Amino acid sequence: MTENTQQSNHSAPELPTQYTPADVEGPLYERWVERGYFTADAKSEKPPYAIVIPPPNVTGALHLGHAFQVTLMDALTRRKRMQGFETLWLPGMDHAGIATQNKVEQQLAEEGKSRYDLGREAFTERVWQWKDEYGGRILGQLRRLGAGLDWSRERFTMDEGLSRAVQTIFKNLYDDELIYRAERIINWCPRCLTAISDIEVDYQDDDGELVSLKYGEGDETVVVATTRVETMLGDTAVAVHPEDERYAHLIGKRIKLPLTNRTIPVVADAHVDPEFGTGAVKVTPAHDPNDFAIGQRHGLDTLTVMDERGVITASGPFQGLDRFEARSAIVAALREAGRVVAEKRPYVHSVGHCSRCKTTVEPRLSLQWWVKVDTLAKAAGDAVRDERVALHPKDMEKRYFDWVDNLNDWCISRQLWWGHRIPVWYGPGGEVVCVGPDEEPPSGEGWTQDEDVLDTWFSSGLWPFSTLGWPERTPDLAKFYPTDVLVTGHDIIFFWVVRMMMFGLYSMDEIPFKTVALTGLVRDEFGKKMSKSNPNAVDPLDWMDAYGSDAVRFTLARGANPGADVPIGEDWVQASRNFANKIWNATRFAMMNGATTEGPLPEPSELSATDRWILSRLNATVAEVNALYDDFQFAKLSDTLYHFAWDEVFDWYVELSKTTFFAGGPAAEVSRRVLGEVLDVTLRLLHPVVPFVTETLWTTLTGRESVVVADWPADSGFRDAAAEQEIVLVQQVVTEVRRFRSDQGLQPGQKVPARLDLSGTALAAHEAAVRSLLRLQPAGEDFSATASLPVAGATVALDLSGAIDVEAERKRLTKDLSAAEKEKAQALGKLGNEAFLAKAPEKVVDKIRGRLETAEADIVRISAQLAALPTA
RNA sequence: GGGCGCAUAGCUCAGCGGUAGAGCGCUGCUCUUACAAAGCAGAUGUCGGCGGUUCGAAUCCGUCUGUGCCCACCA
């Protein structure tokens, strides 16, 4: 949009007949930012409203999932800003440890190098370079969407302040003995070469093979079944159920392990299910979490037979083989030794995969850092249980509780280079010192820092307060913590929401947010999952280019039923674009006809019924939209606005007002002011969802600075039920006669002489409008009524002089008549039912009575219409 | 193996105890002095199956079928 939109509304600005978002959006966004609309003031007296954005990965490009959540957050904050809150929506990015490291390693691989060729320092330097070069992309895309983020407060999980926060909480947790180091079986990715936490493992059903193997010699043999033959090299026991008669004689004895010269004990452990397989289990404590637990209970050795890449290290013929090669090689060797008693049989079982690279996870005994979660998780659960934090939709709370009530300790160390290095130092004599952010690391010979970095979710767990300056007591922290709403996908409740709850409650002794609004996933128009890895994925930028940001936003908002997945297709974005264009043209028309927002709104006594009707509906819509916003019902509020604006304001009010405008005079002046008011309020209501088109039109209409900082509409309380009923009557008459015209094959524009008898009805005042909408001309001298339509107590007589298809009309009316008679019979049946009258609430009975009356009136009306038809 | 959810118009979804709704699509007529990215009119559903509760059920209960998601130490 150019300079001409900035002039006052009285000069009827020239706007093109089509809305072209591309001309408007970029400059408007820049203007908003320059004027500081999105910059929060911690010293403000206004009540605070804060949202922190779920930080996208630095590696990320904007996809529809982001666009969706960002649209909702933007709508929430824009409305609150208009409502007079000191609104902060804080942007930032996540360093996304493993994801980013993988990305840069890929880039290195293309140059034929690995991270080890560079060394730790040079490698992380390279990642920072990468981040500076590509990392800002997604933030630019958020601007394109119109996201009203406070760029002066942009944060990054690896920036200095946030790193300080990480070190501080690590030290605090360590001192409180909530962080510890322990050797356990962890999930290990042999490709990423790092430990990953339980929730970073994706389980999927894989085809495997179950092999039955005979262990032992002579009378003392036992058959075990396994899908992981290669781990037999590390077996240190066979376990059976303590009460299993079949194996009672073996318990406590040692049997020979095939392919080795070792013997292993048979132990009794209740973990073994005697019903499963042979009821005997091989035990490999170093390579299976269950076996590790059994080993702990029975004091078994742990024998590691594989290295970090999944290559066999046990000396012998299999040494140096990859785990899967080893599997077939060992099966072959066992078969040769006559140890395979039942051949491999296909077996589908659940196998863990690295959520980053899909490599099969290898359980591995390893020394790692852990967060002890019991008290933290308890606090996180309690905060939701006693309703300090609300989850929307509420049924998500069950999932949340199931998780926090059954949480295992969290493995936080990662064998990566990109991330927050663990602030722990080891001395030459095995001393361990945890160093806080302001402390010097121990100096002297032999002190080394822990090589590992922290799980990326460790730092994002601090996001709601680290971004506000914690551990410093900053004005931002005082003003904006706890934040108000967290908008995020239900798929990261466990990764992120729970961690923020635990850390927020621990560090701040206060919840991190009051409400969690959980969203679903964005899907394509057939309900198929759409993600960046799927071929049906759409780049939202393409749609924004083609249809405008408002169209993409409105489509997403309109699909946002609480917690549910959002389907989106190009046709729907097009429809939203059409809506934006409709708003554009309706407002443009209104301005061309002098709609104004200047001067006081006339008193109801000065207003026509049409004006009172639309103002009544307007205020009801304000109330409804407010209630829906407070309940995060974006789909419903968008739909409500769509229908109010398009159907009621644009299709009926504007059309009904045309006669008044064109007639001129004081009535026209009043109506122009009302239309200005209605558009002013409607544009303000629409602004949080479709910011660009509303800003362009509102500033032009009102001549004021910006709708971004305009007041949010308040329900004045004005309602006029009588006017609403009156307009419903007008709509009925108009629709009825239009249908008649359409049925008769009259062209929409064809003028028809008519005599209207509206006396004694509320319609009398609307004759001019009705005539105009129905293209009815005054009846002349030679008027001859060929059709007479009694509707709503009035009569509309038309002179169609032979244009009528009498038979078609008779058919239609006969059909309507039988429908009305059926309705009457149904209502009578109900009202004659004693049980119904006795038990149904009064208002339902009244409704049925009303229905009966309507049906009877319809019968009279239609009968009259039938009688009025000329005979052929 | 446990838990949660969903099955409503061709498609995507609202409705969740009182005569079946929306958007898109579809049919017909129109460039009727803001908009054809539009206007007007219209058609379309035994609300997954079977039982039950109720005066009344798409809506509550049971059950079956189909489908999706989450959790779990399925050797």
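Before reading further, recall that the structure is shown in the block above.
Definitions and cut-offs
- Residues numbered from 1 in each chain as written.
- Chains lettered and ligands numbered in written order.
- Predicted model: local features only at pLDDT ≥ 70, side-chain atom pairs only at ≥ 80, totals over all residues.
- Heavy atoms only, no water.
- Helix = DSSP H or I, 4+ residues; strand = E, 2+ residues; numbered from the N terminus.
- Rg over C-alpha atoms; globule rule 2.2 N^0.38 Å.
- Buried < 20%, exposed > 50% of the residue type's maximum accessible area, 1.4 Å probe, protein only.
- Contact = heavy atoms within 4.5 Å.
- Areas by Shrake-Rupley, 256 points an atom, 1.4 Å probe, with all protein chains shown as cover.
- Lys, Arg positive; Asp, Glu negative; His and termini not counted.
- Charge placed at Lys NZ, Arg CZ, Asp CG, Glu CD.
- Pairing = 2+ DSSP bridges.
- Core = buried A, V, L, I, M, F, W, Y, C linked by side-chain atoms within 4.5 Å.
- Patch = residues over 30% accessible without salt bridge, like charges linked within 9 Å, V, L, I, M, F, W, Y side chains within 5 Å.
- Salt bridge = Lys/Arg side-chain N within 4 Å of Asp/Glu carboxyl O.
- Near = heavy atom within 4 Å.
- Polar contact = N/O pair within 3.5 Å; in protein donor to acceptor, adjacent residues only side chain to side chain.
- Phe/Tyr/Trp six-rings, centres within 6.5 Å; stacked < 30°, edge-to-face > 60°.
- Lys NZ or Arg CZ within 6 Å of the ring centre and 35° of its normal.
- Axes fitted to C-alpha atoms, helices over the stretch in contact; angles between N-to-C directions.

## Focus: the overall build of chain A
Here is step 1: If you tally the helices and strands in chain A, you get 27 helices and 29 strands.
Here is step 2: For chain A, the C-alpha radius of gyration of 37 Å lies well beyond 29 Å, the compact-globule estimate for 872 residues.
Here is step 3: Taking all 872 residues of chain A together, the buried fraction comes to 54%.
Here is step 4: For chain A, the proportion of contacts with a sequence separation of at least 24, taken over those separated by at least 6, is 77%.
Here is step 5: Carbon together with sulfur atoms contributes 49% to the accessible area of chain A, which is approximately 37,800 Å² in total.
Here is step 6: Across chain A, the 94 positively charged side chains and the 129 negatively charged ones have centroids separated by 3 Å.

## Thoughts on the sheet that holds strand E20 (residues 448-449)
Here is step 1: The strand order E19-E18-E20 describes an open sheet built from three strands, whose pairing is antiparallel. In this open sheet, the two edge strands, each paired with only one partner strand, are strand E19 (432-434) and E20.
Here is step 2: Where strand E18 (residues 424-426) lies against E19, three bridges are found, and the strand directions are antiparallel. Residue Val424 lies in a different strand from E19, and its bridge partner there is Cys434.

## So, the nonpolar core
Here is step 1: Within the largest apolar cluster, 136 residues are counted, with the highest numbers of intra-cluster contacts made by Leu76, Ile614, Tyr629, Phe634 and Leu798.
Here is step 2: Broken down by element, the residue count for this core peaks at 14 residues, all from helix H20 (residues 634-663).
Here is step 3: Non-local contacts of Leu76, meaning those with residues more than four positions away in its chain, are made with Tyr49, Ile51, Val485, Val487, Tyr629, Phe632 and Phe634.
Here is step 4: Formed by 63 residues, the second largest nonpolar core is a distinct cluster that contains Ala42, Phe401, Cys434 and Leu505.

## Things to note about a negative patch on the surface
Here is step 1: Residues Glu525, Asp539, Asp542, Glu570 and Asp571 make up a contiguous surface patch of negative charge.
Here is step 2: Here Asp542 is to be found in helix H16 (residues 540-547).

## Some words on the protein's contact with RNA strand B
Here is step 1: Close to RNA strand B lie 64 residues, the nearest being Gln18, Asn290, Arg577, Arg588 and Arg851.
Here is step 2: For RNA strand B, the backbone portion of the atoms within 4 Å of the protein, that is sugar and phosphate, comes to 60%.
Here is step 3: A distance of 2.4 Å separates a base nitrogen of RNA strand B from a polar atom in the side chain of Gln18.
Here is step 4: In the model, a phosphate oxygen of RNA strand B is placed 2.5 Å from a nitrogen or oxygen of the Lys839 side chain.
Here is step 5: Counting residues per element, the surface near RNA strand B draws most heavily on helix H18 (residues 570-592), which supplies twelve residues.

## Structural notes on the packing of aromatic side chains
Here is step 1: Here the structure, examined in full by the defined rule, presents 30 aromatic pairs.
Here is step 2: Taken together, a centroid distance of 4.8 Å and an interplanar angle of 45° make the contact between Phe579 and Tyr642 tilted. In this pair, Phe579 is assigned in helix H18 and Tyr642 in helix H20, connecting sequence segments 63 residues apart. When sorted by exposure, Phe579 lands in the same class as Tyr642, which is buried.
Here is step 3: A network of ring pairs unites the aromatic residues Phe170, Tyr174, Trp369, Trp410, Phe458 and Phe503 as a single cluster.
Here is step 4: The ring of Trp188 is capped by Arg364, whose NZ or CZ atom sits 4.8 Å from the centre of that ring.

## Here we look at the sheet that holds strand E15 (residues 390-392)
Here is step 1: Sheet architecture is open: three strands sit in the order E15-E23-E22, paired in parallel fashion. Edge strands, defined here as strands with exactly one partner in the open sheet, are E15 and strand E22 (483-489). Ignoring strand direction, the axes of neighbouring strands in this sheet form an average angle of 20°.
Here is step 2: Sheet topology note: the E22/strand E23 (residues 513-519) ladder contains six bridges and is parallel. Among the inter-strand pairings, Gly489 is bridged to a residue of E23, identified as Thr519.
Here is step 3: Its contacts with the sheet put helix H2 (residues 64-82) on E22 and E23, and the angle it makes with E22 is roughly 160°.

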